[in-house]
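So you can see what is in the structure, the chains are spelled out below.
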Amino acid sequence: RTGAGAGAADGSGREYVLLTAMVDVPGARITSYLGHVNLFFIKESTSVREVGGMGAFTHVFMTEVRALARSHVAATGGNALVAFRLGQVVIGDSTSRNQAYILLSVTGDIVRVDYLAHQAMTSSSPAVAAAAAAAGAGASAAAATADG
């Protein structure tokens with residue numbers, strides 16, 4: 001997470017989406033609340049042994065759930081899902097029939113988080129605080145010049 005969280009470390013331009021059970025993000029400031037989300041997922045398989053057993057089936061499903069939650073947050077315009085909770089988890093399997101299923105719900109609040117704004121406001125370094133103030137003053141002067 002560099003800058004305001006924009007851009008991935010791999011240079012792809014995609015923004016990393018944070019999933020956290022906390023209601024805020026340490027070292028950052030929530031700039032906008034984009035809504036509450038409830039997502040429900042169901043996955044079943046008739047080839048549990050072939051994918052590595054029940055543990056592997058569950059692990060793959062949880063990885064897919066986190067990826068889909070991140071995608072939903074990004075599509076909504078957010079870059080974090082706070083108060084992230086997994087609820088209503090139901091796991092069923094019949095090892096003798098090589099079958100399993102998982103039902104799961106995900107809930108949380110989609111937000112937009114700014115990492116730089118919080119760092120500039122809470123920095124103990126006078127140089128960083130002065131630079132942030134100068135950047136803000138420069139933007140205000142530019143806006144006043146454009147308006148008037």
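With that out of the way, let us pick up the environment of I91. Counting through the fold element by element, I91 comes out in strand β3 (residues 80-94). Separated by 33 residues in sequence, I91 and T58 place their C-alpha atoms 8.7 Å apart. Those residues within four positions of I91 in sequence are excluded, and the remaining contacts are M54, Y101 and I102.

Bringing the nonpolar core into the picture now. Residues L39, F41, F61, V65, L81 and V106 are the most contacted members of the largest nonpolar core, which totals 18 residues. Taken together, the elements giving at least two residues each to this core come down to β2 (29-45), α1 (54-76), β3 and β4 (99-114). Among the nonpolar cores identified, the runner-up in size contains 8 residues, and L18, A28, V82 and V113 belong to it.

Here we take up unusual backbone geometry. The phi torsion at A83 lies on the positive side, around 55°, for a residue other than glycine. Using a relative accessible area of 18% as the deciding quantity, one classes A83 as buried. In this structure, N98 takes a positive phi of about 65° despite not being glycine. Tracing the chain through its elements places N98 in the loop between β3 and β4.

All right, on to α1 then. With 23 residues, α1 should reach 33 Å at 1.5 Å per residue; the first-to-last C-alpha distance of 33 Å fits that figure. Of the residues making up α1, those classed as buried are F57, F61, V65, A69 and V73. Turning to α1, the residues buried within the fold contact β2, β3 and β4. Looking at the residues trailing α1, positive phi occurs at G77, about 105°.

What follows concerns the side chain of N98. Note on N98: relative accessible area 8%, which makes it buried. Among the polar contacts made by the side chain of N98, one reaches the side chain of E50 at a distance of 3.0 Å.

By the element assignment, S45 lies in strand β2. Overall, S45 belongs to the buried group, its relative accessible area being 11%. There is a polar contact of 3.0 Å between the side chain of S45 and the backbone nitrogen of S47. Discounting chain neighbours no more than four positions away, the residues touching S45 are F57, N98, Q99 and A100.

Two pairing modes exist for strands in a sheet, parallel and antiparallel, and in both the strands are linked by backbone hydrogen bonds. Strands sit in the order β1-β3-β4-β2 across an open sheet of 4 strands; the sheet is mixed. The open sheet has two edge strands, β1 (18-19) and β2, and neither has a second partner. Sheet topology note: the β3/β4 ladder contains 11 bridges and is antiparallel. Counted as the bridge partner of L86 is V106 from β4.

Cut-offs and rules
- Residue numbers run consecutively from 1 along every chain, following the written order of its sequence.
- Under the rules for a predicted model, residues below a pLDDT of 70 receive no local features and side-chain atom pairs below 80 are neither given nor counted, while totals for whole chains, interfaces and linings still include all residues.
- The side-chain values count all of the structure's non-hydrogen atoms but skip hydrogen atoms and water molecules.
- Helix numbers and strand numbers start at the N terminus; a helix is a DSSP run of H or I with at least 4 residues, a strand a run of E with at least 2.
- Should any heavy atoms of two residues lie within 4.5 Å, those residues are counted as being in contact.
- Among buried residues, the Ala, Val, Leu, Ile, Met, Phe, Trp, Tyr and Cys ones that are joined through side-chain atoms within 4.5 Å form a nonpolar core.
- To sort residues, take the accessible area from a 1.4 Å probe on protein chains only and compare it with the maximum for the residue type: under 20% means buried, over 50% means exposed, and anything in between is partly exposed.
- Helix span, as expected, comes to 1.5 Å for every residue beyond the first.
- Counting of polar contacts relies on pairs of N or O atoms within 3.5 Å, with two restrictions inside protein: one atom must be capable of donating a hydrogen and the other of accepting it, and residues adjacent in sequence are counted only when both atoms are side-chain atoms.
- Any two strands between which DSSP finds at least two bridges are classified as paired.

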